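# Commentary on secondary and tertiary structure
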Amino acid sequence: MGSGKSIKPPWWLKPANKVFIQMSRLGLSFGGESPVVLTVTGRKSGVARSTPVTPMTVDGRQYVVAGFPGADWVANARATPEATIARGRHVQRVRMAELPADDARPILRAFPAEVPTGVGFMKRAGLVTEGRPEEFEALAGRCAVFRLDPV
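Notes on the structure follow. Treat the numbers as computed from the prediction; the structure is a model and nothing was measured.

## A few points about the nonpolar core
By size, the foremost hydrophobic cluster in this structure holds 38 residues, and its most contacted members are W73, M96 and M122. Broken down by element, this core gets its largest block of residues, 4 residues, from helix α3 (residues 101-114). M96 has contacts with L38, V40, V64, W73, A77, P81, A83, F146, R147 and L148, leaving out every residue within four places of it along the chain.

## Concerning the sheet that holds strand β3 (residues 56-58)
If you trace the 7 strands from one edge of the open sheet to the other, you get β2-β1-β5-β6-β7-β4-β3, paired in antiparallel fashion. The sheet terminates laterally at β2 (48-53) and β3, the two strands that pair on one side only. Direction aside, the axes of adjacent strands within the sheet are offset by 40 degrees on average. When strand β4 (residues 61-65) meets strand β7 (residues 145-150), the two strands line up antiparallel, connected through 4 bridges. Paired with V64 across the strands is F146, a residue of β7. Contacts between helix α2 (residues 72-79) and the sheet are confined to β1 (36-41), β2, β4, β6 (90-98) and β7, with β1 contributing the most and set at about 55 degrees to the helix.

## Observations concerning unusual backbone geometry
Of note in this structure, D59 is not a glycine but carries a positive phi near 50 degrees. You can see D59 is positioned in the loop between β3 and β4.

## Side note on the side chain of E135
In this fold, E135 is placed in helix α5 (residues 133-137). We note that E135 is buried and unpaired, the nearest opposite charge coming from R132 at a distance of 4.2 Å. Of note is the side chain of E135, whose polar atom sits 3.0 Å from the backbone nitrogen of E130. Contacts of E135, omitting those with residues within four sequence positions, involve V128, T129 and E130.

## Things to note about α2
All of the buried residues along α2 are W73, V74, N76 and A77. Down the axis of α2, the sector holding all buried residues measures 165 degrees, keeping them to one side. Packing partners of the buried residues in α2 comprise β1, β2, β4, β6 and β7.

## So, the pattern of salt bridges
Taken as a whole, this structure holds 10 salt bridges when the rule is applied. A salt bridge links R61 to D149, with the nearest nitrogen and oxygen atoms 2.8 Å apart. Pair noted here: R61 is in strand β4 and D149 is in strand β7, with a separation of 88 residues, a long-range link. Residue class for R61 comes out partly exposed when judged on its relative accessible area of 39%. Across the salt bridge formed by E134 and R132, the nearest N and O atoms sit 2.8 Å from each other. What makes R132 partly exposed here is its relative accessible area of 35%.

So, how was this worked out
Residues numbered from 1 in each chain as written. Predicted model: local features only at pLDDT ≥ 70, side-chain atom pairs only at ≥ 80, totals over all residues. Heavy atoms only, no water. Core = buried A, V, L, I, M, F, W, Y, C linked by side-chain atoms within 4.5 Å. Buried < 20%, exposed > 50% of the residue type's maximum accessible area, 1.4 Å probe, protein only. Helix = DSSP H or I, 4+ residues; strand = E, 2+ residues; numbered from the N terminus. Contact = heavy atoms within 4.5 Å. Pairing = 2+ DSSP bridges. Axes fitted to C-alpha atoms, helices over the stretch in contact; angles between N-to-C directions. Lys, Arg positive; Asp, Glu negative; His and termini not counted. Salt bridge = Lys/Arg side-chain N within 4 Å of Asp/Glu carboxyl O. Polar contact = N/O pair within 3.5 Å; in protein donor to acceptor, adjacent residues only side chain to side chain. Arc of directions from axis to C-beta.

Encoded structure:
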């Protein structure tokens, strides 16, 4: 894990995301959790880019965790923090505020309990081995964590 090599998303992620986006737009949930479609403006193209994410709530605030260091949506959110999250037909405008590593630690620590389906994803990505809270906490500074502030 600490080898410094970049972790590439699996080949199936983009096609799977398209399916998840369609399911979410139909109001379907999967795994008991309630993913949303996050739409941010492309930093190079200026075109709206959508990706499924599963927000988690900690102390009454909503957060999203990047499943991959260097994910495109993360770079887009850093460039243009205004975004929308959509659950079915309900769309909410948000401002995405990236947390510094120290602030991200408790959010990442809560991730396995709050987003259990994300644990398997992070294991397959090679980011964690057992899915323990302290493994997720150790991802602070590697995996971006954003607070979603309503606009």
